[in-house]
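Descriptive structure summary
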Number of protein chains: 2
Amino acid sequence: MPQITFLPGKLVCEVEVGTSVPEAAERCGAVISYPCACKGACAKCIVRVERGSLDFADNGKLSFDLKRQGFVLACRSSVSEDVEVLIPSSVGDEAGQFSDAISRMGVDEDLFPTERDIKPLASCAKISVAPAEMLDGLGDYDRFVQAVRDSSPAAAVDLPLDLLQHLPDVLRESDGDVFVWRADEGGVSRIVDIRSSAPETDYGVAVDIGTTTVAVQLADVTRGRIVDTVTQYNAQIDRGADIISRITYAKNFDRIREMRGLVLSTINRGISELRERNGNIPKDEIRNVAIAGNTTMAHLFMGIRPEYIRLEPYTPAVMRVPLHRASELGLEVNPNALAWVSPNVGSYVGGDITAGILCTDFARGVQEVCLFIDIGTNGEIVLGNGDFLLGCACSAGPAFEGGGIERGMRASRGAIERVEVDPESGECRCFVIGGGEPKGICGSGLISLLAQLLDAGIIDQRGKLDRSGKYPSVRVAGKTARYVMVPSSEGDPGVYLTEHDIDNFIRAKAAIFSACVTLLNSVDMDFGAIDKFYIAGGFGRYIAIDRARTLGLLPFLDEDKFLYIGNSSLSGAFMSLLSERHRNMVSELANRITYIDLSTEAGYMDEYVAAMFLPHTNMELFHGKGSGVWAR
Amino acid sequence: MPQITFLPGKLVCEVEVGTSVPEAAERCGAVISYPCACKGACAKCIVRVERGSLDFADNGKLSFDLKRQGFVLACRSSVSEDVEVLIPSSVGDEAGQFSDAISRMGVDEDLFPTERDIKPLASCAKISVAPAEMLDGLGDYDRFVQAVRDSSPAAAVDLPLDLLQHLPDVLRESDGDVFVWRADEGGVSRIVDIRSSAPETDYGVAVDIGTTTVAVQLADVTRGRIVDTVTQYNAQIDRGADIISRITYAKNFDRIREMRGLVLSTINRGISELRERNGNIPKDEIRNVAIAGNTTMAHLFMGIRPEYIRLEPYTPAVMRVPLHRASELGLEVNPNALAWVSPNVGSYVGGDITAGILCTDFARGVQEVCLFIDIGTNGEIVLGNGDFLLGCACSAGPAFEGGGIERGMRASRGAIERVEVDPESGECRCFVIGGGEPKGICGSGLISLLAQLLDAGIIDQRGKLDRSGKYPSVRVAGKTARYVMVPSSEGDPGVYLTEHDIDNFIRAKAAIFSACVTLLNSVDMDFGAIDKFYIAGGFGRYIAIDRARTLGLLPFLDEDKFLYIGNSSLSGAFMSLLSERHRNMVSELANRITYIDLSTEAGYMDEYVAAMFLPHTNMELFHGKGSGVWAR
């Protein structure tokens, strides 16, 4: 009988030929959502064939783009041979947003917690509370605290009032044999829940609070696996596109409260959706939370004034974040759950990065030198190995996310995500997310387009368009010029790229490239020293390395040194949610990182200016395709 | 110049003859309320002359009854000679309710905390937080925690989120020199407040949660004095008059929540009134709370099911009550304030008693044998000395509070609180609280009446009325008879006492007397062994000892062995609010008390039956007035 393997959980079973994928999934215990009840109508039950193949009765509901990527509809597929199938852990509302599905794909499986590692912050253990005896002078609380201490020493036991309220009943229901979730730290045993019976599944949520998007992942803590993920835009987005504008907006406590409310509403909506679509999981059954976000996002999530992050001496309120109860934080899970927040190391290198590097060789402490870069509105970079770790951040601006680009947009339905430029005519063919009419261009489309325009000589090293009239797509109007992908029509401006847009892109890529160079220089290294170049962030997934190298966004290293690790912040939060070893590792790594402030670093501005060409003023860094000096 | 002393705070100053009392009070720092702005209209600014006299320009606004007790209106009085004046800490809405004013009067001053003792749970100390340095890897939180630990070791620091939110601003406002309120226990330093400047006055509230009334006392913690007190009926009162009916009512979580809400509303209304009428004290400035209540009241206050208190093996949920934050408890003070709750020692001997005995020689650990009795709906008794302590409770029923008596009422306006019976005619003259028409009879009136009826032979030892027709006040109707104090008139039933009422009274006094005897018997003692007989509870104040002895409610001891200590539960809560030494003392005393369950005690029922006569079946216990065998 053929064998079907469901990823990422590696759930395996043998089924007869012709068994439907939903049936096979159920047999393995793999969870796929079928919003239209397997009628083939909603196209939400997509899975991706990683090895082998499935019989797929295509009914035309799946876009060409997705089919090209290997996706099929689970409800219209059956097993014919040995096959490995990836279940995307979440499907966004808009086709093309599969960053969650593949977020773990580049991360070595052995970096994730093993079964032995599983120890969430609040772990469940059965304890025996002595029976009440008449006139023994002990209340239920006294006997409970004694039992907690007997099972594991604690100087203080912190029992929330609502648990104390239910304690008498729980003790009597269970004859004193109760299941207790406790988180022990610094001599204090914080009780999170007390039940008379153990639940089949213990849930937790891992949250990545990004400046642009917020990902919430529901985890089966008992079995150490992802159940489902939801990614949404951070509701703060209308209050500023980047970190600095968020800080500027949150200038008083009313605004801070507002910003906190916005990100909480985003997170809570995510949690609520996850609970609902996974069998209406009761709120109280989510007893662990792990959160990773950049320093500013962590401050706003907790309602702390972020202003001092950007004022000398640039001191965040929290680096190591103390534990707080969900009820205090406003998280709609078990009110007594404690939220573990990934530590910050500086104003602009935050918990998203310390969590993120759990997905890299930094977590192994090896001697190979690695460079980790999380490309988003900010670019955060960590360089080092088992001996040293340096971290810094640079402001790339929103160009990679379609911001600051006249016809730019995020990578959602209608965005041009890739183009093919005919070098002769200079005309281009556009590939649009979700098919349909192009509405704008996203970051990956921008890179795809600019690299080809540069190769074809349609733009020069300064990013100026060819105004000779040779290329009809280049339209000149006075001092400005633009490259037109989709001509304007009545009421529709079309899609195009201005020289000003190109400038913005160049500034963004220069910021990132020069930050990498400066960090390397500070330890007398160059790109040749790098063994692994990790690219994190949803955006990283979609850029073609050769195009990015062409433009000087990435250095000229062998393609196999680049490793996409997707949303490493979320993956790191997930690991920290499950495992004490990983939480300790994050703390250690955070303590080891030396935070570099680029603005005070000698040479950074020079490097930045030097990188303001395509690919670079120093062409030696990028001479010839495929024969770069840095390739080993 | 004459000297004026304001009690209970012992504030002294010298003033010229003719100085008005308000002016003198202001000079001493004593606080008197003048709701009508010293127009002499509201009669609320009453004070009582304890020694010496004041010139009082009586305008007729003060009742005769109050004048008889030595009260004057402060706004219409001036100083003419050395004088001591007691400021009642609260004046109820109804005249006659001055139990708060005199609650401390019977308690030895030296039992109260001295200036040196003052150490509330959350005490304020100034600490220096190191300044932020660029790139030192420390957030505000890290430096704050370090400073807390440097000032006094703590394994864990518990900082509520709202304080963390304000920490960055407070540190910068104060250049790191901050005032921190912290409560350290079991290695955990719980932070209650952080300010950049110290307030002039630090406030706290002491609360006595009685089954019938709730007293809330505002204290100036800095100076160790009472500011003001409010006493109100417990809003739970409609859900059952006594403890057992409250427990029975609170049978499910909806009801428990309701009961919790009711008592919280009472307490919070009290706090709000105290804040308002003492200069609109901000909620946040009340940073300490101490609470004393019986076991059931403590459970309902915290929303804990009280049912198991009365089910075998009679185990309360809490004996030693863990600290909780005001926000969690629902108390409307500083949300981070911690509430200290006086410990319980058994199902029916609770925190009101452990706090209460702070007002007795038990707190001194002397060898003299003392008996403490708190008379209310329940009678709680503690017997012992420095070597042993026994505690028990009995259910007296509501007779002493006017319950179970047809024309009974609480000691408020309109209640007959005392009578004078003419032994010849059998007719009586009534003294009514607040003057005016009598509406009913309260506990003290009942004792006054019954003792005189017994002396005159109008009732016999069984409590039966003389039906010979000799006394016109005794009206016989069939098998029943009643004694009429105020004849009925159209639409008004008048005030009278039935034989059934007398039966209820006898049961109540028998329960208390026999409990005392049983407790004494259990350690082979009799009343002769008792050196001090403490009577606590609002009711105790109003009973005349000779009358109570006549009826066998109190034993036949010398009058000077009886000590009224008023609302000792509130006084004990006040002491515990101020002083760590007193909190430790309460815990020690609570640990030392052996709780006796009368229902399982051999001989209790026999003693009870024997006490069902007036004064007792064993007349030897009460032979002759003033020559009791127990008198020493």
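The notes below deal with the structure included here. (Residues numbered from 1 in each chain as written. Chains lettered and ligands numbered in written order. Predicted model: local features only at pLDDT ≥ 70, side-chain atom pairs only at ≥ 80, totals over all residues. Heavy atoms only, no water.)

Some remarks on the relation of the copies chain B and chain A
Rules: In superposing the copies, a least-squares fit is computed on C-alpha atoms, taking residues whose pLDDT is at least 70 in both. When checking whether two residues touch, look at their non-hydrogen atoms; a contact exists if any pair is within 4.5 Å.
Mapping chain B onto chain A leaves a residual RMSD of 0.1 Å; the transformation is a rotation of 180° accompanied by 0.1 Å of translation along its axis. Taken together, the rotation angle and the small translation identify this as a two-fold axis. When the interface residues of chain B are mapped onto chain A, 100% of them again lie at the interface, so the same face is used by both copies.

Here's the deal with the packing of aromatic side chains
Cut-off, in case you're wondering: Pairing of aromatic rings covers Phe, Tyr and the six-membered ring of Trp, with a centre-to-centre limit of 6.5 Å; geometry is then stacked below 30 degrees between planes, edge-to-face above 60, and tilted otherwise. Secondary structure follows DSSP: runs of H or I at least 4 residues long count as helices, runs of E at least 2 residues long count as strands, and numbering of each begins at the N terminus. Working definition: with a 1.4 Å probe on protein chains only, accessible area under 20% of the residue-type maximum means buried, over 50% means exposed, and in between means partly exposed. A positively charged side chain is recorded as over a ring if its NZ (Lys) or CZ (Arg) lies within 6 Å of the ring centre. The angle to the ring normal must also be within 35 degrees.
Following the criterion strictly, the structure yields 10 aromatic pairs over all chains and no others. A centroid spacing of 5.9 Å and a plane angle of 90° characterise the contact between Phe-400 of chain B and Phe-505 of chain B, whose relative ring orientation is edge-to-face. Of the two residues, Phe-400 of chain B is situated in the loop between strand E20 (389–395) and strand E21 (415–421) and Phe-505 of chain B in helix H11 (residues 499–522); the sequence distance between them amounts to 105 residues. Both residues of the pair, Phe-400 of chain B and Phe-505 of chain B, belong to the buried class. Between Arg-255 of chain A and the ring centre of Tyr-249 of chain A, over which it is positioned, the NZ or CZ distance is 4.1 Å. Between Arg-172 of chain B and the ring centre of Tyr-308 of chain A, over which it is positioned, the NZ or CZ distance is 3.8 Å.

Topic: the packing of helix H13 (residues 568–578) of chain B against helix H14 (residues 580–592) of chain B
All names here are of chain B. Note the cut-off: Angular values range over 0 to 180 degrees, each being the angle between N-to-C directions of two axes fitted as lines to C-alpha atoms, with helices fitted over their stretch in contact. Relative orientations are named as follows: roughly parallel for angles under 35 degrees, roughly antiparallel for angles over 145 degrees, roughly perpendicular for angles from 65 to 115 degrees, and oblique for any other angle. Crossings are sorted by hand: turned counterclockwise from the far helix by less than a right angle, the near helix makes the crossing left-handed, and turned clockwise it makes it right-handed.
The geometry of H13 relative to H14 is characterised by a closest axis approach of 5 Å and an angle of 125° between their N-to-C directions. By the criterion of interaxial angle, the relationship of H13 to H14 is oblique. For the pair H13 and H14, the sense of crossing is left-handed. Within the contact between the two elements, H13 uses Met-575, Ser-576, Leu-577 and Leu-578 and H14 uses Glu-580, His-582, Arg-583 and Val-586.

Some remarks on the nonpolar core
So the rule is basically this: Buried Ala, Val, Leu, Ile, Met, Phe, Trp, Tyr and Cys residues form a nonpolar core when they are joined through side-chain atoms within 4.5 Å.
Ranked by size, the top nonpolar core spans 73 residues in total, and within it Ile-373, Leu-449, Tyr-483, Met-485, Phe-527, Phe-533 and Leu-554 of chain B carry the most contacts. Excluding anything up to four places from it in sequence, Leu-449 of chain B contacts Val-419, Val-421, Ile-441, Tyr-483, Met-485 and Leu-497 of chain B. Ranked by size, the runner-up nonpolar core spans 72 residues in total, among them Phe-400, Ala-510, Phe-527 and Ile-535 of chain A.

Some details on the interface of chain B and chain A
Rules: Each of two parts loses accessible area, computed with a 1.4 Å probe, when they are put together; buried area is these two losses added. By convention in these notes, a salt bridge is any Lys or Arg side-chain nitrogen within 4 Å of a carboxyl oxygen on Asp or Glu. Within 3.5 Å is the distance limit for a polar contact, defined as a pair of N or O atoms, with the added protein rule that one can donate a hydrogen and the other accept it, and that residues adjacent in sequence qualify only through two side-chain atoms.
With 46 residues of chain B at the contact, the number on the chain A side is 46 residues. Buried area between chain B and chain A, both sides added, is near 4,100 Å², and the carbon and sulfur share of it is 62%. Our count for the contact surface shared by chain B and chain A stands at four salt bridges. Our count for the contact surface shared by chain B and chain A stands at 18 residue pairs in polar contact (both at pLDDT 80 or more). Residue assignment for the side of chain B that touches chain A shows that the elements contributing at least two residues are helix H3 (140–151), helix H4 (161–173), helix H6 (253–277) and helix H8 (326–329) of chain B. With seven residues, H4 of chain B is the single largest residue contributor to the side of chain B that touches chain A.

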